[in-house]
Amino acid sequence: MLRAALTLFFICSLIIETKSFGLSEYKINTAPLRKHEALSQEFEFLHDKFQTQPLTIKEHERRIEILDYVLSLESDWLDGYWLHGSESFILGSSYPDEKDFPKARIILSKGLERIESCLKKAPDHMLCKFFQGSLLAKIASIDGIFASLKHGKTIRDAFYAVTKSDYNLKFRPNVSLKGAAFYGLGLFYRLVPDIFLIDWIWGIRGNIDHSIELHKTATEFDKYNPCSLLMLSVAQLCRYHDEDGHPEYKSAMIGLDRAQKITPIDNPQAVCVRESYKIQVNPSRTCGYTQAKYREESKED
């Protein structure tokens, strides 16, 4: 009975319908996981804990171990692949210090391998495409934007596919699939240089005004996500950092203050809260900002 209740809660909390946006629920297939009763209960226990408090590095690693084991026996479990990608993204994002970037990159790359296995089986799987974009973008923040431009269209198109979908899903109480997709696109249009040559070679181009609008949409979905508030403020300050009387500048500072008042529920969100103080002190260094490093300087002649 307890196991059934935990399983039901696990499923329901992941498929919350976002009725205010007229979106349908995405139903996750957990049957392959439930075949392994002890592992299923452990995975669900950690999931429930993660809804209200950060997991330890060891606990994140354990969730990945469980998914690896089940996928080794259930290779057609598509939802298992993106769950692995999601967990890898969170774990990789838990290493914000530059000295830990090699470790983070290994974690992210392993998650990407799982996602690629999913896309070989189902090329249009929305969540696997989403985490392909997310993991590639996170790796790009470590490797540097110019080293990662070849993946730009893949990242952009993966996020756009989610924004146009009729489905949403709550990953965490303050993190949704739709919100994360608009967030990712906002980062993309700020970090990719607004340069004709890059558009000509790779078919992508940045646009800071578009970035701001995308981040505003992300915060409509995830109002209490400190990372969404942080990156909206970063985009606004990139555009208006030398106009402290502009409404967007004032909005950015309010957003940073709001982010600081949110209690983070995981390690990546805690990083966003800490970073918000740095942005307040130095708002002019925002156009190339990521939590990993500043984008390489570039200017169009």
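Keep in mind that this is a model prediction, so the values were computed, not measured.

Enquirer: What should I look at first to understand the state of the cysteines in this one?
Expert: The term disulfide refers to a covalent linkage connecting the sulfur atoms of a pair of cysteines. Scanning all chains against the criterion turns up three disulfides. What pairs with C227 in a disulfide is C272, and their sulfur atoms sit 2.1 Å apart. When the S-S torsion is 100 degrees, as for the bridge of C227 with C272, the disulfide is right-handed. With C227 in helix α12 (residues 226–240) and C272 in helix α14 (residues 267–281), this residue pair connects regions lying 45 residues apart in the sequence. The residues C227 and C272 share a single accessibility class, namely buried. Two residues, C238 and C287, share a disulfide whose sulfurs are 2.1 Å apart. Residues C238 and C287 are joined through a disulfide that is right-handed, its torsion about the S-S bond being 105 degrees. One end of the pair, C238, is in helix α12; the other, C287, is in the segment after α14, and 49 residues separate them in sequence. Looking at C287, the relative accessible area reads 27%, which means it is partly exposed. The connectivity of the disulfide bonds within the chain can be written as 1-2, 3-5, 4-6, using the sequence rank of each bonded cysteine.

Enquirer: Mind showing me how you'd approach the packing of aromatic side chains here?
Expert: Any two aromatic rings considered together are summarised by their centre-to-centre distance and by the angle between their planes. In total, this model carries eight aromatic pairs according to the counting rule given. Aromatic pair F131 and F171: ring centres 5.6 Å apart, planes at 65 degrees, arrangement edge-to-face. Of this pair, F131 sits in helix α7 (residues 126–143) while F171 sits in strand β3 (residues 170–172), placing them 40 residues apart in sequence. Like F131, the residue F171 is buried in the burial classification. Aromatic side chains F182 and F221 sit 5.9 Å apart centroid to centroid with 15 degrees between the ring planes, which places their arrangement in the stacked category. Here F182, found in helix α9 (residues 177–191), pairs with F221, found in helix α11 (residues 208–221); they are 39 residues apart in sequence, far enough to count as distant. Residue F182 shares its accessibility class with F221, and that shared class is buried. An aromatic cluster is built from W82, F130, F131, F159 and F171, whose rings are joined through pairwise contacts. Stacked on the ring of F43, the Lys or Arg R63 has its end atom at 4.5 Å from the ring centre. Against the face of F50 rests R172, its NZ or CZ located 3.5 Å from the ring centre.

Thresholds applied
Residues numbered from 1 in each chain as written. Predicted model: local features only at pLDDT ≥ 70, side-chain atom pairs only at ≥ 80, totals over all residues. Heavy atoms only, no water. Disulfide = S-S within 2.5 Å. Helix = DSSP H or I, 4+ residues; strand = E, 2+ residues; numbered from the N terminus. Buried < 20%, exposed > 50% of the residue type's maximum accessible area, 1.4 Å probe, protein only. Phe/Tyr/Trp six-rings, centres within 6.5 Å; stacked < 30°, edge-to-face > 60°. Lys NZ or Arg CZ within 6 Å of the ring centre and 35° of its normal.

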